[in-house]
Amino acid sequence: MNPLVKRKISLIPVFLFALILFTGCSNHTTVSLQKDGSGKYEEVLSIEKDLWDKCLAEEELAEESDAAEKALQSYYRALYPQAEISITNETTDGTDLKVIHLTMPFKNLSEYRQILSASDLLCSATLHENYFSRSNIYMPLEEDTGTVSGITDELEQLLSSNEAIGQIVGSQMQNMSDILSMTFPYEVTDANGAIQEDGKTVVWDMKQMAKAERLYALFHTSDSKAVPKYQGAENGKAYNTGVSLTITSDNLLKQVKINEETTQSDSLFLSAEGIYNITALDVNGNSSRIKFRIDKTKPSVSGVKNGKTYKTARTIRFSDKGSGIRHASLNGLQIKTGQKVSKKGTYRLVVTDKAGNQKTVAFQIR
């Protein structure tokens, strides 16, 4: 096959997948959950056959429909290695459709989260006997990792090369329906979606939920007085890397406050340096707090510089404006800031702050 044709075919699944990516889900996603967190994920994406043909025609690939279909299947297999994938031609209400079916079981909620993350949905999912919650992982704007940039770059290349396809994308995104249906192992008493007649299934219109931070379904509100708990950080500690914090609670969380910002997410990723005061409140009014610092900056040292040789005595000073000094040693012996060193020799100064950042200075006095 001509290399240019191959390249064009490779961009077709990017275009089709982008329709899913930018609307959050496919036309209809169905998830069934068991009490142990296992379940089944089914996704159906229906694309008008005319749209499929037009997309290929605009890229001069009208004769390569089978190859484009195989490329799309390969694309999905790369995203979902565990899935059963099929592409069929169907007719609904007189409209010819190209329909993509994905079916995959998952053994636990961790595997369910992996399915969500494969399509760049950075979500946390929690199943408790009292509630279900699926929320976006809270990340301050400066910590947005831009995980969709690879897809976005390829899509921009496709759209910039063909204005007609760009118009198709815009039209399809406006008209595309996006429904999520979840069936739970418990009776649902309340939800921010539509509870179905069976009492255990909730349906969300994901377009209407686009601005919501989370999806939830309540099964039972207990009289538990247990406060929310934190995993991933300890109160009063300092860390020199980003912190992934998970909040667990017997009842649905009502609000989580991070310094001056609020979220409903039970999963946080914090990376910027600073002090974090976090308060979690559940729907029963139970609350708890945690405070920690992220400090990625090494301690500062004055009086000596790494690799230098001195002919006179040196006064060593060190400080840390972040988490503070935990320990400092000179040739293995503990020292305090302001100590004077005059004896000839080779020295190794190691200063460590409370977050674990370490500054090492090797010098000589002759």
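Residues numbered from 1 in each chain as written. Predicted model: local features only at pLDDT ≥ 70, side-chain atom pairs only at ≥ 80, totals over all residues. Heavy atoms only, no water.

1. Looking at the overall build of the chain
So, step 1. Assigned secondary structure in the chain consists of six helices and 27 strands.
So, step 2. Buried positions account for 45% of the 366 residues belonging to the chain.
So, step 3. Residue pairs at least 24 apart in sequence account for 60% of intrachain contacts in the chain once pairs closer than 6 positions are excluded. (Helix = DSSP H or I, 4+ residues; strand = E, 2+ residues; numbered from the N terminus. Buried < 20%, exposed > 50% of the residue type's maximum accessible area, 1.4 Å probe, protein only. Contact = heavy atoms within 4.5 Å.)

2. What about the sheet that holds strand β8 (residues 190-191)?
So, step 1. If you trace the four strands from one edge of the open sheet to the other, you get β5-β6-β11-β8, paired in antiparallel fashion. Bordering the open sheet on either side are β5 (123-127) and β8, each of which pairs with just one other strand.
So, step 2. Inspection of the sheet shows β8 paired to strand β11 (residues 214-218) by two bridges, in the antiparallel sense. Residue pairing in the sheet places D190 in a bridge with L218 of β11.
So, step 3. Strand contacts of helix α4 (residues 109-118): β5 and β6 (131-136), with the helix running at about 150° to β5, the strand carrying the most contacts. (Pairing = 2+ DSSP bridges. Axes fitted to C-alpha atoms, helices over the stretch in contact; angles between N-to-C directions.)

3. Here's the deal with the nonpolar core
So, step 1. One finds L33, Y112, F132, M182, F184 and W204 to be the most contacted residues of the largest nonpolar core, which totals 36 residues.
So, step 2. Looking at which element gives the most residues to this core, the answer is α4, with five residues.
So, step 3. Dropping the residues within four chain positions of it, F132 is found in contact with L33, A125, T126, L127, M182, F184, L215, Y216, A217 and F219.
So, step 4. In this structure, Y230, L245, V256 and I290 belong to the second largest nonpolar core, which totals 18 residues. (Core = buried A, V, L, I, M, F, W, Y, C linked by side-chain atoms within 4.5 Å.)

4. Focus: the environment of S181
So, step 1. Following the sequence through the fold, S181 ends up in strand β7 (residues 179-183).
So, step 2. Separated by 149 residues in the primary sequence, S181 and S32 have C-alpha atoms spaced 8.4 Å apart.
So, step 3. With sequence-adjacent residues up to four places away left out, S181 is seen in contact with H28, T29, T30, V31, T201, V202 and V203.

5. Comments concerning the packing of aromatic side chains
So, step 1. If you walk through the whole model with that rule in mind, you get nine aromatic pairs.
So, step 2. With 5.1 Å between their ring centres and 35° between their planes, Y186 and F219 make a pair best called tilted. Taken together, the residues Y186 in the loop between β7 and β8 and F219 in the loop between β11 and β12 (229-231) connect sequence positions 33 residues apart.
So, step 3. Here Y347 and F363 contribute two aromatic rings whose centre-to-centre distance is 5.3 Å and whose plane-to-plane angle is 15°, an arrangement assigned as stacked. Of the two residues, Y347 sits in strand β26 (residues 345-353) while F363 sits in strand β27 (residues 358-365), which places them 16 residues apart along the sequence. Residues Y347 and F363 agree in their burial class; the two are buried.
So, step 4. Feature note: the residues F132, F184, Y186 and F219 constitute an aromatic cluster, connected by ring pairs. (Phe/Tyr/Trp six-rings, centres within 6.5 Å; stacked < 30°, edge-to-face > 60°.)

6. Considering the pairing of strand β19 (residues 287-294)
So, step 1. Of the two faces of β19, the one lined by S288, I290, F292 and I294 is fully buried and the one lined by S287, R289, K291 and R293 carries no buried residue.
So, step 2. Two strands pair when backbone bridges link them, and strand β13 (residues 238-239) and β19 are joined in this way by two bridges, in the parallel orientation. If you follow A238 over to β19, its bridge partner there is R293.
So, step 3. Bridge analysis of strand β18 (residues 274-282) against β19 gives eight bridges, and the strand direction is antiparallel. Along β19, the bridge assignment pairs Y276 with F292.
So, step 4. A loop of four residues connects β18 with β19, the two strands running antiparallel in sequence, and G285 in this loop sits at a positive phi of about 90°.

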